[in-house]
Amino acid sequence: MRIVLADDHPVVRAGIRALLECEPEFEVVADASTPAEAVRAAAEHAPDVVLMDLQFGAQPAVESPAGVRLLNGADATREIRALSNPPAVLVLTNYDTDGDILGAVEAGASGYLLKDAPPEELVAAIRAAAAGESALAPAIAGRLLARLRAPQESLSAREAEVLTLVAQGKSNTKIATELVISEATVKTHLAHIYTKLGVSSRTAAVAAARKSGAIR
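Just so it is clear, the structure is predicted and the values come from calculations on it, not from any experiment. (Residues numbered from 1 in each chain as written. Predicted model: local features only at pLDDT ≥ 70, side-chain atom pairs only at ≥ 80, totals over all residues. Heavy atoms only, no water.)

A. Quick look at the pattern of salt bridges. Evaluated as defined, the whole model comprises twelve salt bridges. For Arg127, the salt bridge goes to Glu25, with nearest N and O atoms at 2.6 Å. Residue Arg127 is located in helix α5 (residues 119–130), and its partner Glu25 is located in the loop between α1 (10–20) and β2 (27–32); the two are separated by 102 residues in the primary sequence. Judged by its relative accessible area of 35%, Arg127 is partly exposed. The exposure class of Glu25 is partly exposed, given its relative accessible area of 29%. Note that Glu161 and Arg158 form a salt bridge whose closest N and O atoms lie 2.9 Å from each other. You can see Glu161 and its partner Arg158 sitting in helix α7 (residues 157–167), three residues apart, about one turn around the helix. (Salt bridge = Lys/Arg side-chain N within 4 Å of Asp/Glu carboxyl O. Helix = DSSP H or I, 4+ residues; strand = E, 2+ residues; numbered from the N terminus. Buried < 20%, exposed > 50% of the residue type's maximum accessible area, 1.4 Å probe, protein only.)

Written out as structure tokens, the structure is:
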């Protein structure tokens, strides 16, 4: 079972590699420290599974061969799943906000685990992903189920992305540039966010979303 590790922390990659190489059926064929490297490794090494972090350290945006800006693990996941013979992508991250989870699942991730998962859970999830099965940590599955039960109150992945940039103090113009959308679209997303969260300002929206776990 061929695996690519995508994480910006060398120590984390080394630790996961050591863990996986204890399993006789696993072979780590490549490491990646950026989203662009992850896409390239998936295309070049034909793995069965890509183990993907969601957030990578500060770096300039890089475009994929298809011209897509690769900013994070969800972007890389979407590009990997668009390959002609795509591997499964299993997210392994520290982040468990609704926006992170939904963004990864919408991008095509087969599973979603947190980095504090027991080693045996990670090994089982990789095997499941390689077999074409979903592999969600119980807490993650519960949050997705809660979203399905109350979709009208839940932010979409794009709305969470917009509000995360608002929380970073970015203007509508900067948000539009970073997400490659129009300012009018940013305003539309904000209007939907305000309605869903029952607020009337950017500050109140950020506070409400952080309190509910919709954004970090």
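B. View of the sheet that holds strand β8 (residues 135–136). Read across the open sheet, the six strands follow the order β2-β1-β3-β6-β7-β8; overall the sheet is parallel. Bordering the open sheet on either side are β2 and β8, each of which pairs with just one other strand. Taken together, the four bridges between strand β3 (residues 49–52) and strand β6 (residues 88–93) define a ladder with parallel strand orientation. Among the inter-strand pairings, Val50 is bridged to a residue of β6, identified as Val89. Seen against the sheet, helix α2 (residues 35–45) touches β1 (2–6), β2 and β3 and runs at an angle of roughly 145° to β2. (Pairing = 2+ DSSP bridges. Contact = heavy atoms within 4.5 Å. Axes fitted to C-alpha atoms, helices over the stretch in contact; angles between N-to-C directions.)

C. Local environment of empty space enclosed by the protein. This structure, assessed with the given rule, holds one cavity of 30 Å³ or more. Of the pockets and cavities examined, the largest cavity occupies roughly 50 Å³. Taken together, Leu5, Ala6, Asp7, Ile16, Leu51, Met52, Asp53 and Leu92 form the lining of the largest cavity. Secondary-structure elements contributing two or more residues to the lining of the largest cavity are β1 and β3. (1 Å grid on protein atoms, 1.4 Å probe; cavity = no way out; pocket = protein on both sides within 12 Å on 5 of 7 lines; lining within 4 Å. Points joined across faces, edges and corners; volume = space filled by probe spheres on them.)

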